[in-house]
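The lines below spell out each chain.
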Amino acid sequence: MVDRTGMNLFWVGVSILGTLVSHAVMAFTWINPMVPVVLMGIMYSLLACALWPMVAVVVPEHQVGTAYGIMQAVQNLGLAIISMVAGTITDQKGYLVLEVFFCVWLCAAFFCCVILYMVDSAQGGHLNFTTKERIAWEAANDRKSMDDSLDSPGKGFMPESNRIVPQSARQLRTRFLCRVGVPLEHGMHREISSLHTF
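What counts and what doesn't
Residues numbered from 1 in each chain as written. Predicted model: local features only at pLDDT ≥ 70, side-chain atom pairs only at ≥ 80, totals over all residues. Heavy atoms only, no water. Phe/Tyr/Trp six-rings, centres within 6.5 Å; stacked < 30°, edge-to-face > 60°. Buried < 20%, exposed > 50% of the residue type's maximum accessible area, 1.4 Å probe, protein only. Helix = DSSP H or I, 4+ residues; strand = E, 2+ residues; numbered from the N terminus. Lys, Arg positive; Asp, Glu negative; His and termini not counted. Salt bridge = Lys/Arg side-chain N within 4 Å of Asp/Glu carboxyl O. Polar contact = N/O pair within 3.5 Å; in protein donor to acceptor, adjacent residues only side chain to side chain. Contact = heavy atoms within 4.5 Å. Disulfide = S-S within 2.5 Å. 1 Å grid on protein atoms, 1.4 Å probe; cavity = no way out; pocket = protein on both sides within 12 Å on 5 of 7 lines; lining within 4 Å. Points joined across faces, edges and corners; volume = space filled by probe spheres on them. Nonpolar A, V, L, I, M, F, W, Y, C, P; charged D, E, K, R; others polar. Patch = residues over 30% accessible without salt bridge, like charges linked within 9 Å, V, L, I, M, F, W, Y side chains within 5 Å. Areas by Shrake-Rupley, 256 points an atom, 1.4 Å probe, with all protein chains shown as cover.

Across all of its chains, the model carries five aromatic pairs by this definition. Seen in terms of ring centroids, Phe10 and Trp11 are 5.0 Å apart; in terms of plane orientation they differ by 70°. Their pairing is edge-to-face. Given a relative accessible area of 39%, Phe10 falls into the partly exposed group. Residue classification places Trp11 among the buried positions, given a relative accessible area of 14%.

Structure follows, in structure tokens:
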């Protein structure tokens, strides 16, 4: 659904509100708990498929792996701490207070989502683009980066002197032997002088 429509921030907000409704139903009604638990599972899935792809929009491409690693570490830390806190609350106060605790955190998460929406809207709304808008925006960025690299050859292309020159198998073997410290034959010294140092 998120891949078809885009609008990631909208779906993050919907998933937070859906999870809030699930916890409120479990706390304050006598409805069979299976209904809010199923709704909560759907909302968690929606949250994951809307939230995690936003990282690739915000973070530079060469740092995406690090960003996902930090997100995963923070998520695991939060799960560990909240699980211990939830157990303590349940033991001392009961399930009603636990559900209220979760509802308070979900209200804080929704507030953060609204703030993120406002900040993103002020900066062009890239996180809440529809699928068509995102495709057009990425195509425009690709064209712009291509034009920039053609306009300034120093940025987009390596100078001729820095390009890797293809080498024969013998040149590669000689270079390797030279690096590991093997004594060279008499005729190989001329080959070494012709090799580029890396």
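The topology assignment puts Arg134 in helix α7 (residues 131-151). One buried charged residue, Arg134, remains without a salt bridge, the closest side chain of opposite sign being Glu138 at 4.7 Å. Among the polar contacts made by the side chain of Arg134, one reaches the main-chain carbonyl oxygen of His126 at a distance of 2.5 Å. Leave out the neighbours within four places in its chain, and Arg134 touches Asn8, Val57, His126, Leu127, Asn128 and Phe129.

One non-glycine residue with positive phi stands out, namely Met7, at about 55°. Inspection of the secondary structure puts Met7 in the loop between α1 (2-5) and α2 (8-28). The exposure class of Met7 is partly exposed, given its relative accessible area of 27%.

Our next topic: the state of the cysteines. Applying the stated criterion across every chain, the model contains zero disulfides. Lacking any disulfide linkage, Cys103 is separated from the closest cysteine sulfur, that of Cys107, by 6.7 Å. Judged by relative accessible area, which is 11%, Cys103 ranks as buried. Lacking any disulfide linkage, Cys112 is separated from the closest cysteine sulfur, that of Cys113, by 8.8 Å.

Before going further, it helps to examine the environment of Gly13. By secondary structure assignment, the location of Gly13 is in helix α2. For Gly13, a relative accessible area of 7% translates into the label buried. Sequence spacing of Gly13 and Leu47 is 34 residues, and the spatial spacing of their C-alpha atoms is 8.4 Å. With near-sequence residues (within four places) excluded, Gly13 lies in contact with Phe110 and Cys113.

Computed from the structure, the largest pocket encloses a volume of approximately 1,400 Å³. As for the largest pocket, its lining consists of 31 residues, and the residues nearest its centre are Leu47, Leu51, Gln75, Leu106 and Ala109. If you list the elements that add at least two residues to the lining of the largest pocket, you get α2, α3 (34-51), α4 (54-58), α5 (64-92) and α6 (95-122). Examining the composition of the lining of the largest pocket, we find that eight residues originate from one element, α5, more than from any other. When grouped by side-chain class, the residues that make up the lining of the largest pocket number 25 nonpolar, six polar and no charged. Computed from the structure, the second largest pocket encloses a volume of approximately 180 Å³. For the lining of the second largest pocket, the elements supplying multiple residues, two or more each, are α4 and α7. Class assignment of the residues belonging to the lining of the second largest pocket gives a composition of six nonpolar, no polar and three charged.

Side chains of Leu77, Ile81, Ile82, Met84, Val85 and Trp105 sit close together on the surface and give an oily, nonpolar patch of about 570 Å² of accessible area. It is α5 that contributes the most residues to the nonpolar patch, five residues altogether. Within the element layout of this structure, Trp105 appears in helix α6.

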